[in-house]
Amino acid sequence: MFKVTFSFEDGSVVEHFANAGDNLLELAREANVAIDAPCSGNASCGKCRVQLKKGELDSKKTLHISDEEYQEGWRLACTSKICADVTVLVPDIASAYKSRMKVADLSSKEEIAIFENSKRDVEMTGIELRNSLDVIELDMNEPSLDDTMPDNERLTRALKKYMNLKQVRIPYAVLRKLPDVLRENHFKVKCVVRTAPNDLFVYDIFGKDEEVVVGGLAVDIGTTTVSAVLLNMETGEILAKASSGNGQIRFGADVINRIIEQQKPGGKKKLQDAVIKETINPMIAQMCKSAGISASHIYRMSVGANTTMNHLFAGINADPVRMEPYIPAFFKTNSLFASDVGIAINKDAHIIIAPNIGSYVGGDITAGTLVSMIWNRPEFSLFIDLGTNGELVFGNSDFMMSCACSAGPAFEGGDISCGMRATDGAIEACTIDKETMEPTYKVVGESGTKPVGLCGSGIIDVISELFMCGIINPKGKFVREGERIRHDKYGMGSYVIAFEKDAGSVKDIEITEVDIDNFIRAKGAIFSAIRTMINSLDFDVSMIDDVYVAGGIGSGINMRNAVNIGMFPDIPLEKFHYIGNSSLTGSYLMLLSTEAEKKTYELAANMTYMELSTVPTYMDEFVGACFIPHTDTGMFPDVMNDLQNRK
């Protein structure tokens, strides 16, 4: 047995024991050490970099580690095997997804406005913002020798009389509290209940003078990021917010790698624990502390997630999702409760899951479609949710069609040599001077934070600027020379955005022709999906009245640049609208309003799902879109005019 010590930049360490030949990345997972591995250990992304400090590792050199870096001790965890006692440094950037993920700040006026506007829009359609949770005050007679009715019957009769219902259900958790709460408060109490047409369920009981907040939890479980809001179910007020990287990310950036991981012994529990115990439950604790309420006072939860995430969250085998004929265990279910999956809220809390539409179009899209309001407009609108998967809905109040394309991890910085998620140190916006080729960029974090890499929005900006400045051609190849443009011994070109002396990393931050090619394919997947779906209806992109962009990357996207590179159609920019994290907003509305929840189920049932892989023309569309902006430049007249004017 050998001792493996994982050390961190804050001085902390984690020790683990291993056998000779054990893989370092697998050991990190066993020890619950967060090391980013978007490719799930296939040595293709180069993100699982660690630095050898003491001892030895049996580690192959890869193209992701330069000769100089190898001499300095840098290794990929996924290609390293244990052969002796060893100490490795896990740099902040390797684990930043877990603790420093940047998402929209829900405390800002802009984000609060998104929720408030969504509530207003839904109400204007006639949907009532009311749910089935209530607080009922009861004043009962105290028992005596002449009135020997037991406590549970006394409470049941009082509730039946108050609500005029046939059945009252009192769970064990309430029954256990009942004798003490009743007598301490002289049988004057408040009950938190859920009412149905002929049924009432008692969630909790308090003294009549206690202040009771009926809490609700809305969660968006993304493949990369998990976001949540805690709200007052009676008023709709947002009490707290939290966000984190999805703890499952260390098992792969995409859903397929995670499904494969789930099939290994103990895999279902491992993946479920990663998203619940490591991610959601700590977020709940953080929010409850901030809001000053007990987690046991959260009586309902709603979830917006893709089909695979829903299965992994519920601990249900997701393998059929990826295997023909692609039939999941469920599209919709009402059978989940907090105690079933270990969510740290009231054990009897019901979990509402936004319904899935297909294997690769999930509840995050149905929840987002509710928020987009395209179902309530006669105009033709396009809803796009950008992430590891690109999901689209097109339609109006008469019909809606949906599809999904595998954009890959490029939007989250995967498959990009200097790519990273939107944590501290990520370049999120960039412009380049056409004459000098000098960049000006904005970095995530406090003022003075040095750049470490590029996140999705920064990659879009850099590639757009390189193209519009004539530094790269439509194939993504460098056609100009200068201090910031390099070519390696194989002739591959790259552009240096920040030299090592100006960066917060151990090397220059540069984007290579391989990176650009990977991103061109990702943006090509989005545009070709748009074209394929719209063409199948005999429509043209000019017929799109509005485009609603959602997702974690959406908040930072420069829409002009996204059009410049051919990711979005070349239509007037005023038609593009950012609607925030629509999955989270939709989950919030489903939680707050029983009618909104029913409407979401209705939208899912009435939405047509197109499987792009079965459309013969999709691959042709994809190949055509793998240029900047496209092989058919006639589709992008404004981009080409702007390009001509810059010359």
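Only a predicted model underlies this, so the values are computations on that prediction, with no experimental measurement involved.

Calculation notes
- Residue numbering note: each chain is counted from 1, following its sequence as written.
- Local features are withheld for residues below a pLDDT of 70 in this predicted model, meaning they are given only at 70 or higher, and side-chain atom pairs are given and counted only at 80 or more; totals for whole chains, interfaces and linings count all residues.
- Note that the side-chain values use all heavy atoms of the structure and ignore hydrogens as well as water.
- To qualify as a nonpolar core, a set must consist of buried Ala, Val, Leu, Ile, Met, Phe, Trp, Tyr and Cys residues joined through side-chain atoms within 4.5 Å.
- Throughout, exposure labels follow a simple rule: accessible area from a 1.4 Å probe, protein chains only, divided by the maximum for the residue type, with under 20% read as buried, over 50% as exposed, and the rest as partly exposed.
- Put simply, DSSP H or I for four residues or longer makes a helix, DSSP E for two residues or longer makes a strand, and each gets a number counted from the N terminus.
- Between two residues, a contact is recorded if the distance between any of their heavy atoms is within 4.5 Å.
- Nonpolar side chains (Val, Leu, Ile, Met, Phe, Trp, Tyr) are joined into patches within 5 Å and like charges within 9 Å, using only residues with over 30% relative accessible area and no salt bridge.
- Note on areas: these come from Shrake-Rupley sampling with a 1.4 Å probe, and a residue is covered only by the protein chains present in the view.
- In the sections that follow, a salt bridge refers to a side-chain nitrogen of Lys or Arg positioned within 4 Å of a carboxyl oxygen of Asp or Glu.
- His is not counted, nor are the chain ends; Lys and Arg add positive charge and Asp and Glu add negative charge.
- Charged groups are reduced to one reference atom each: NZ for lysine, CZ for arginine, CG for aspartic acid, CD for glutamic acid.
- Any pair of N or O atoms that falls within 3.5 Å is considered a polar contact. Within protein, one atom must be able to donate a hydrogen and the other to accept it, and sequence-neighbouring residues count only if both atoms are side-chain atoms.
- Think of each axis as a best-fit line through the C-alpha atoms, taken over the contacting stretch in the case of a helix, with angles from 0 to 180 degrees between the N-to-C directions.
- What sets the label is the angle itself: under 35 degrees gives roughly parallel, over 145 gives roughly antiparallel, 65 to 115 gives roughly perpendicular, and the rest give oblique.
- Think of it as three bins: nonpolar holds Ala, Val, Leu, Ile, Met, Phe, Trp, Tyr, Cys and Pro, charged holds Asp, Glu, Lys and Arg, and polar takes everything else, Gly as well.
- Pairing between strands requires that DSSP locate at least two bridges from one strand to the other.

Undergrad: Could you give me a rundown of the nonpolar core, with the residues and numbers involved?
TA: Within the largest apolar cluster, 74 residues are counted, with the highest numbers of intra-cluster contacts made by Leu 466, Ile 511, Met 567 and Phe 568. Top element by residues in this core is helix H14 (residues 513-536). It accounts for 11 residues. Sequence-distant contacts of Leu 466, defined by excluding residues within four places in its chain, comprise Ile 432, Ile 471, Ile 472, Phe 478, Tyr 495, Ile 511 and Ile 516.

Undergrad: Can you break down a negative patch on the surface residue by residue, with the values?
TA: A grouping of Glu 137, Asp 180, Glu 184, Asp 209 and Glu 210 is seen on the molecular surface, where their side chains present a negatively charged patch. By secondary structure assignment, the location of Glu 184 is in helix H6 (residues 172-184).

Undergrad: Can you tell me about the environment of Ser 118, naming the residues and giving the values?
TA: Positionally, Ser 118 belongs in helix H4 (residues 109-124). Between the C-alpha atoms of Ser 118 and Ser 582, which are 464 residues apart in sequence, the distance is 9.6 Å. Excluding residues that lie within four positions of it along the chain, Ser 118 makes contacts with Val 371, Thr 585 and Leu 589. Of note is the side chain of Ser 118, whose polar atom sits 2.9 Å from the backbone oxygen of Ile 114.

Undergrad: Tell me about the packing of helix H5 (residues 151-163) against H6, residues and numbers included.
TA: Between two packed helices, what matters for the description is the angle formed by their axes and the separation of those axes. In contact at an axis separation of 10 Å, H5 and H6 are set at 80 degrees when each is read in the N-to-C sense. Accordingly, the angle class assigned to the pair H5 and H6 is roughly perpendicular. Residues Asp 151, Asn 152 and Leu 155 of H5 pack against Leu 175, Leu 178, Pro 179, Leu 182 and Arg 183 of H6. Here the residues of the contact of H5 with H6 are counted per class, giving 5 nonpolar, 1 polar and 2 charged.

Undergrad: Give me the sheet that holds strand E23 (residues 509-512): which residues, what numbers.
TA: Spatial strand order, E21-E22-E23: 3 strands in an open sheet with antiparallel pairing. Two strands bound the open sheet, and with one partner strand each, they are strand E21 (485-487) and E23. Between one strand axis and the next, the sheet turns through 35 degrees on average, direction left out of account. Two strands pair when backbone bridges link them, and strand E22 (residues 493-498) and E23 are joined in this way by 4 bridges, in the antiparallel orientation. Across the sheet, Tyr 495 pairs through a bridge with Ile 511, a residue of E23. With respect to the sheet, helix H13 (residues 456-468) is in contact with E22 and E23, its orientation differing from that of E23 by roughly 65 degrees. Of the strands in this sheet, E22 and E23 touch H14, which is tilted by about 60 degrees from E23.

Just geometry here; none of it tells us what the structure is for.
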